[in-house]
Amino acid sequence: MGSLRTAGTARCLALPESSSTYLLQELKMIWDEVGQEENERERILEELEQECQEVYRRKVNSANMLRIQLHQALAESEAEFTNLLLSLGERSFPGRPEKMNGTLKEQLNSITPALQEMQMKKEARLKQFTEVQTEVQRIASEIAGRSENEVVTVNEDDLSLKKLEEHQSELQRLKREKGDRLCKVEEYKVLICNFAKIMGMDPSNVLASVHPSLLIGANEQQKKNISDDILNKLNTMVQQLKEEKNHRLEKLHSLGKALANLWNILDTAMEERQPYGQINIFSLTSANGMLGPGSLRLEKIQQIESEVQRLDQLKASKMKELFIKKKAEIEEICKISHMDVPYQTEMDNIMELIMSGDVDHDNLLKTMDGYIYKTKEEATSRKEIMDKVEKWITSCDEERWLEEYSRDERRYSVSRGAHRHLKRAERARIIANKIPGLVELLIEKTEIWEHGRKKIFYYDELPLLEMLKQYMLTLKEKEEERCRQRENKKVQTQLVKRNENSFISRPNTGCSRPSSRGFNTSHRSTSFSSHRVSSVDQQPISDNSAEKDMHIRKVRDRSMQSKAGNNRSCTVHDEDKTSGVSTKQGLSSI
């Protein structure tokens, strides 16, 4: 009990003079008054001591936790401050104290304002990054042609001014590129509008066919699609419109040229030309030298094209008449020159093309003029030979007349005009004697002509050289027949004289004279026999002469028909072919 009291007294004395000491004294008084046992008192005091320790321990733990929290908060603040400096790209901050003195709370309170200021600075910097990157992404989307907007993600680990300047530089570059693209878009739109107006198109429809965003007003240009795809489409559309404009302009030029040529060829009146006078390119241009609106409208070009087609059809019909006329001119030249019609197949093909409408009329005239020139040139080259052929035919006519005159037994009779026949016979004999030399000269010139031209000289579809050689052969045969006739005549004359001499030398058996009737009969019989022999001998000559005369007569008739200027074309040509066949048959018989 004494120990408890001593301990209680010691503990009580250890306690400060406060309410707890008073309460402990009051408790002791109560115990004394109650008579509390000493053990019980010690137990209660130990419990009180344990409870006090627990309270102190809790308080110490709480204070320790507070200290730990302050240390952690201070460390976190310093770490956050350091991270902010690193992310913002700054080495130091003027508001941060260099040395940390004082209690933890004082240190934490000293760093908190600088940390808050850095946080505010980071938020401002982050806002700048967000705005710049958002603008960059928006412009990049416009350039790339993307309509959806993606969420902008800012890298908070690098919010330095250098990085911000890089984003701002990228933004400026994109803005310049956007401006350039907008300028290109506007240039393309202006070109498209100009081309569309010139060709009578609606510019809105043309732009809408490229992209609907091109129709947005100027106050919403930022929403326009300025991607590479749109620029390529605009460029392609401009090129297409430019090609279409050039195509229409060239077509209009060619139509105007063709129309002017047709007007000149057809000698169109000014009243008919007036509605189409605006196709002149100078009248199509405006005051500044550019093409006026609607100058190249498709309807206008189609209207002019229809007029050109109408005049071209009219020209085709007249060209057909002109072709027939030129063809007739070629046939007339060939008829006069007694030569085959050249280029007959080509002209037939041209006629078929004219009938089908698939022919170039300008080339047609040039071709036909070329045919006429070549035909005239060949006719000119044949002229010298043809003159001699005409002379030969005329000489043959004179020769034939002379032969007929020589066979006429009454040629020496005294009659009116007999002296003129004698003079003509003398001239015909001179002409006939010159025929062999003329034919030989003709043969020589014909051979020279054929050698130079590398083709056969035809006269009315018959080879002239063959005709001349056949004629020379006929002359030779005729001369041989004449020689034989003369020999036969001499033999016949000798026989007649021998018969007469034998008759005279025969002795008379009667007194009466022979009657004149018998003598005359014998003389007539002898004459008839002589005439028959002569006729038999002369028969080949007569046949050859008749055939030759028939051929020459046909040739002469053709020459006379050519000189008469008969305008028959196809019928005369067929008759000439028939005559040529007959003549060939005559030559073959010769």
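Just so you know, these numbers come straight off a predicted model, no measurement behind them.

1. Overview of the environment of Lys320
For Lys320, the position within the fold is in helix H10 (residues 298-336). Using a relative accessible area of 28% as the deciding quantity, one classes Lys320 as partly exposed. When the C-alpha atoms of Lys320 and Ile354 are compared, they prove to be 6.8 Å apart, with 34 residues separating the residues in sequence. Those residues in contact with Lys320, other than ones at most four positions away along the chain, are Met351, Ile354 and Met355.

2. Comments concerning the pattern of salt bridges
Per the counting criterion, the structure on display carries 32 salt bridges. Arg41 is the salt-bridge partner of Asp32, the closest N and O atoms lying 2.7 Å from each other. Two residues, Asp228 and Arg181, come together in a salt bridge whose shortest N-O distance is 2.5 Å. Of this pair, Asp228 sits in helix H7 (residues 228-266) while Arg181 sits in helix H5 (residues 161-198), and the two are 47 residues apart along the sequence. Take Arg181: its relative accessible area is 9%, and that puts it in the buried class.

3. Considering the UniProt feature "coiled-coil region" (unreviewed entry) in the chain
Under the UniProt annotation, "coiled-coil region" (unreviewed entry) lies at residues 34-65 and 157-184. As a span, residues 34-65 carries 91% helix and 0% strand, and end to end its C-alpha atoms are 44 Å apart. The span residues 157-184 shows a helical share of 86% and a strand share of 0%, and its end C-alpha atoms are spaced 39 Å apart.

4. Points about the nonpolar core
Counting residues in hydrophobic clusters, the biggest one holds 48 residues, and the most contacted among them are Ile192, Leu214, Leu234, Leu241 and Leu296. For this core, the secondary structure elements donating two or more residues are helix H3 (38-88), helix H4 (104-144), H5, helix H6 (203-210), H7 and H10. It is H7 that contributes the most residues to this core, 13 residues altogether. Contacts of Ile192, omitting those with residues within four sequence positions, involve Val206, Leu207, Leu234, Met237, Val238 and Leu241. Ranked by size, the runner-up nonpolar core spans 20 residues in total, among them Val389, Trp392, Leu464 and Tyr471.

What counts as what
Residues numbered from 1 in each chain as written. Predicted model: local features only at pLDDT ≥ 70, side-chain atom pairs only at ≥ 80, totals over all residues. Heavy atoms only, no water. Helix = DSSP H or I, 4+ residues; strand = E, 2+ residues; numbered from the N terminus. Buried < 20%, exposed > 50% of the residue type's maximum accessible area, 1.4 Å probe, protein only. Contact = heavy atoms within 4.5 Å. Salt bridge = Lys/Arg side-chain N within 4 Å of Asp/Glu carboxyl O. UniProt positions renumbered as here; feature names shortened; annotations may be inferred. Core = buried A, V, L, I, M, F, W, Y, C linked by side-chain atoms within 4.5 Å.

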